[in-house]
Amino acid sequence: MAVKLDPLPQIYFDDVKIGDELLGFGYKLDWTEMVKQVSGSQDFYAVHHDPEFAKSGGHKDIFYNTGWTRSQLYRLLSDYAGPEGWVRKLHFEMRRMNRPNNSIRVKGKVADRKVTPDGNEVHIELWIENDEEGVATPASGVVFLPSRR
Amino acid sequence: MKVPERQFDIEKIRAEYVGKKGQRKDGLYPVEHDPIRRHEHMCYGRNPLFLDPEYGKQSKYSTNIAPGVMADYFAGDGTWPGWAGGDIAGRAMGEAALDVPTLGDKAINLSTTWEFIKPIKIGDRLWSQPGIADVFMKPIRLDPKAVWVVNETRFYNQDDELVAISRNTGLRHRSPEEVAADPDTARLQRQ
């Protein structure tokens with residue numbers, strides 16, 4: 001089977017306004033997602049997939065790992081940057097946990113835009129929130145976008 | 001590396017460790033499609049720049065690229081058969097030369113910053129160099145003598161071009177029993 005994916009839409013720097021919301025996404029962290037977390041990150045530390053192990057260390061349950069966390073945030077930025085843009089920076093803070101059966105949402109909004117010698121910078125506030133803890137992972141990012149001119 | 005307080009001198013530790021570089025580490029395998037597919041499966045990504053070979057060929061990169069946050073994956077050697085997945089203490093956690101002395105051995109990972117400099121392309125061979133960017137003491141609620149460490153890893157491709165930088169800030173603190181037994185604790189918590 002050949003892979004055939006539609007191109008992501010391209011947003012241009014000229015059209016960006018501070019406060020614009022990014023097209024976020026979300027889903028429920030069921031057990032299939034836990035397995036995908038281990039597969040996708042290749043992080044086999046048991047605190048992220050073995051509830052008994054996690055509880056023996058004083059945790060309420062397993063919690064999703066750093067590789068999973070950064071992939072969600074990077075996806076939001078790279079989807080926004082589009083085929084001609086570039087994700088330049090990502091910063092995130094592991095403040096609270098994302099656990100099994102949480103429903104998560106990955107969201108973002110434009111915090112600033114400026115032309116610099118390096119490119120057309122769009123600064124983005126983004127985060128992962130869940131229905132148990134609220135904002136679990138505050139983050140920020142910078143993407144370069146093409147100009148229409 | 002947990003050390004007794006009589007051996008702990010933050011200024012000497014800073015002088016020895018801040019700016020210290022570790023050894024070059026080469027990725028075991030080249031940048032490949034399938035780990036990228038698994039990564040995108042994990043986050044419901046459908047970016048053809050990462051996943052669609054035909055689209056990649058026609059893109060400005062002339063091939064597929066990897067999500068920048070996979071730099072450490074492709075510059076590493078993965079989880080190798082033999083580690084059963086139990087306590088992480090049984091796993092090699094990095095080279096001893098960069099194991100900063102701290103007063104406690106309880107670890108908290110706080111934040112990570114990535115900079116993405118150049119595209120990571122299919123077929124690239126990545127390598128990395130770790131280092132210590134900063135070490136300092138800063139109190140936290142659990143421990144007035146927590147030691148914070150900023151690790152910086154630089155990732156390069158086969159042409160020795162810098163492709164990404166990651167900086168991870170974490171700290172190590174003492175157990176509540178160790179903090180309670182420290183005669184300085186009451187004075188420091190009043191400050």
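Residues numbered from 1 in each chain as written. Chains lettered and ligands numbered in written order. Predicted model: local features only at pLDDT ≥ 70, side-chain atom pairs only at ≥ 80, totals over all residues.

Trainee: Mind showing me how you'd approach the overall build of chain B here?
Mentor: Along the backbone of chain B there are 7 helices and 5 strands. Order of helices (α) and strands (β) in chain B, N terminus to C terminus: α-β-α-α-α-α-β-β-β-β-α-α. Against the globule reference of 16 Å for 191 residues, chain B gives a C-alpha radius of gyration of 20 Å, more extended than a compact globule. In chain B, buried positions account for 30% of the 191 residues. (Helix = DSSP H or I, 4+ residues; strand = E, 2+ residues; numbered from the N terminus. Rg over C-alpha atoms; globule rule 2.2 N^0.38 Å. Buried ≥ 20, exposed ≤ 12 C-beta atoms within 10 Å, placed from the backbone.)

Trainee: Hey, could you run me through the interface of chain B and chain A in this one?
Mentor: Often the size quoted for an interface is simply the accessible area lost on bringing the parts together. With 33 residues of chain B at the interface, the matching set in chain A holds 34 residues. Put simply, the parts of the chain that give the side of chain B that touches chain A at least two residues each are α2 (33–43), α3 (48–51), α4 (53–58) and β2 (106–116) of chain B. If one sorts the elements of the side of chain B that touches chain A by residue count, β2 of chain B sits on top with 8 residues. Across the side of chain B that touches chain A, the residue classes tally to 15 nonpolar, 14 polar and 4 charged. In terms of strand pairing, strand β2 (residues 86–93) of chain A meets β2 of chain B through 5 bridges, oriented antiparallel. Note on β2 of chain B: the bridge partner recorded for His91 of chain A is Thr113 of chain B. (Contact = placed C-beta atoms within 7 Å. Nonpolar A, V, L, I, M, F, W, Y, C, P; charged D, E, K, R; others polar. Pairing = 2+ DSSP bridges.)

Trainee: Help me understand the sheet that holds β2 of chain A in this model?
Mentor: Strands belonging to one sheet form pairs held by backbone hydrogen bonds; the direction of such a pair is parallel or antiparallel. In spatial order, the strands read β1(A)-β3(A)-β4(A)-β5(A)-β2(A)-β2(B)-β5(B)-β4(B)-β3(B)-β1(B); together these 10 strands make up an open sheet with antiparallel pairing. The strands lining the two open edges of the sheet, one partner per strand, are β1 (25–28) of chain A together with β1 (25–26) of chain B. Sheet topology note: the β2 of chain B/strand β5 (residues 162–173) of chain B ladder contains 10 bridges and is antiparallel. Paired with Glu115 of chain B across the strands is Ile165 of chain B, a residue of β5 of chain B. Here helix α3 (residues 66–81) of chain A sits on the sheet and contacts β2, β3 (103–116), β4 (119–130) and β5 (134–144) of chain A together with β2 of chain B; the angle it forms with β2 of chain A, its principal contact strand, is near 145 degrees. (Axes fitted to C-alpha atoms, helices over the stretch in contact; angles between N-to-C directions.)

Trainee: So what exactly am I meant to see when it comes to the nonpolar core here?
Mentor: One recurring pattern in soluble globular proteins: nonpolar side chains tend to sit buried together. Ranked by internal contacts, the top residues of the largest apolar core, which has 52 residues, are Leu73, Leu77 and Val143 of chain A together with Ala71, Phe74, Ile120 and Leu126 of chain B. A per-element tally of this core places α3 of chain A first, with 7 residues. Ignoring sequence-local partners within four residues, the contact set of Phe74 of chain B consists of Gly27, Val31, Ala66, Ile120 and Leu126 of chain B. Ranked by size, the runner-up nonpolar core spans 8 residues in total, among them Ile13, Ile132, Ala146 and Val147 of chain B. (Core = buried A, V, L, I, M, F, W, Y, C linked by C-beta atoms within 7 Å.)

Trainee: Sorry if this is basic, but what is going on with α2 of chain B here?
Mentor: At 3.6 residues per turn, the α-helix brings residues three or four places apart onto the same side. Taken together, the buried positions of α2 of chain B are Ile36, His39, Met42 and Cys43 of chain B. One side of α2 of chain B holds all its buried residues, which, seen down the axis, span an arc of 115 degrees. If you follow the buried residues of α2 of chain B, they end up packed against α1 (31–41) and α3 of chain A together with α3 of chain B. Positioned one or two residues after α2 of chain B, Tyr44 of chain B has a phi angle of 60 degrees, which is positive. (Arc of directions from axis to C-beta.)

Trainee: For this particular structure, what's the right way to read the packing of α1 of chain A against α3 of chain A?
Mentor: Residue and element names in this part refer to chain A. At a minimum axis distance of 9 Å, the contact between α1 and α3 shows a crossing angle of 90 degrees. When the axis of α1 is compared with that of α3, the two are roughly perpendicular. Two secondary-structure elements touch here, α1 through Gln37, Gly40 and Ser41 and α3 through Gly67, Trp68 and Ser71. Taken together, the residues that form the contact of α1 with α3 break down as 1 nonpolar, 5 polar and no charged. (Parallel < 35°, antiparallel > 145°, perpendicular 65-115°, else oblique.)

Trainee: Hey, could you run me through the environment of Glu152 of chain B in this one?
Mentor: Residues and elements named next belong to chain B. Locating Glu152 in the fold gives a position in strand β4 (residues 147–156). The partly exposed category is assigned to Glu152, around which 17 C-beta atoms lie within 10 Å. In this structure, Glu152 is in contact with Gly131, Ala133, Ile165 and Arg167, ignoring residues within four places of it in sequence.

Trainee: Help me out: how do you make sense of the packing of α3 of chain A against α2 of chain B in this one?
Mentor: Each packed pair of helices is defined by two parameters, the angle between the axes and the distance between the axes. Running from N to C, α3 of chain A and α2 of chain B cross one another at 80 degrees; their axes reach a closest spacing of 9 Å. By the criterion of interaxial angle, the relationship of α3 of chain A to α2 of chain B is roughly perpendicular. On the side of α3 of chain A, the interface is formed by Trp68, Ser71, Gln72 and Arg75 of chain A, while α2 of chain B contributes His39, Met42 and Cys43 of chain B. Looking at the contact of α3 of chain A with α2 of chain B residue by residue, the class counts come to 3 nonpolar, 3 polar and 1 charged.

Trainee: Please clarify how α1 of chain A should be interpreted in this entry.
Mentor: Listing the buried residues of α1 of chain A in full gives Glu33, Gln37, Val38, Gly40 and Ser41 of chain A. In this fold, the buried residues of α1 of chain A make contact with β1 and α3 of chain A together with α2 of chain B. Phi turns positive one or two residues past the end of α1 of chain A, at Gln42 of chain A, with a value near 55 degrees.

Trainee: Help me understand the pairing of β5 of chain B in this model?
Mentor: Side-chain direction in a regular strand flips from residue to residue, so the side chains alternate between the two faces of the sheet. Residues and elements named next belong to chain B. Here 10 bridges tie β4 to β5, and the two strands are oriented antiparallel to one another. Its bridge partner lying in β5, Val150 is registered against Thr169. Between β4 and β5, which pair antiparallel and follow one another directly, the connecting turn spans 5 residues, one of which, Asp160, has a positive phi of 60 degrees.

What is shown is where atoms sit, not what they do.
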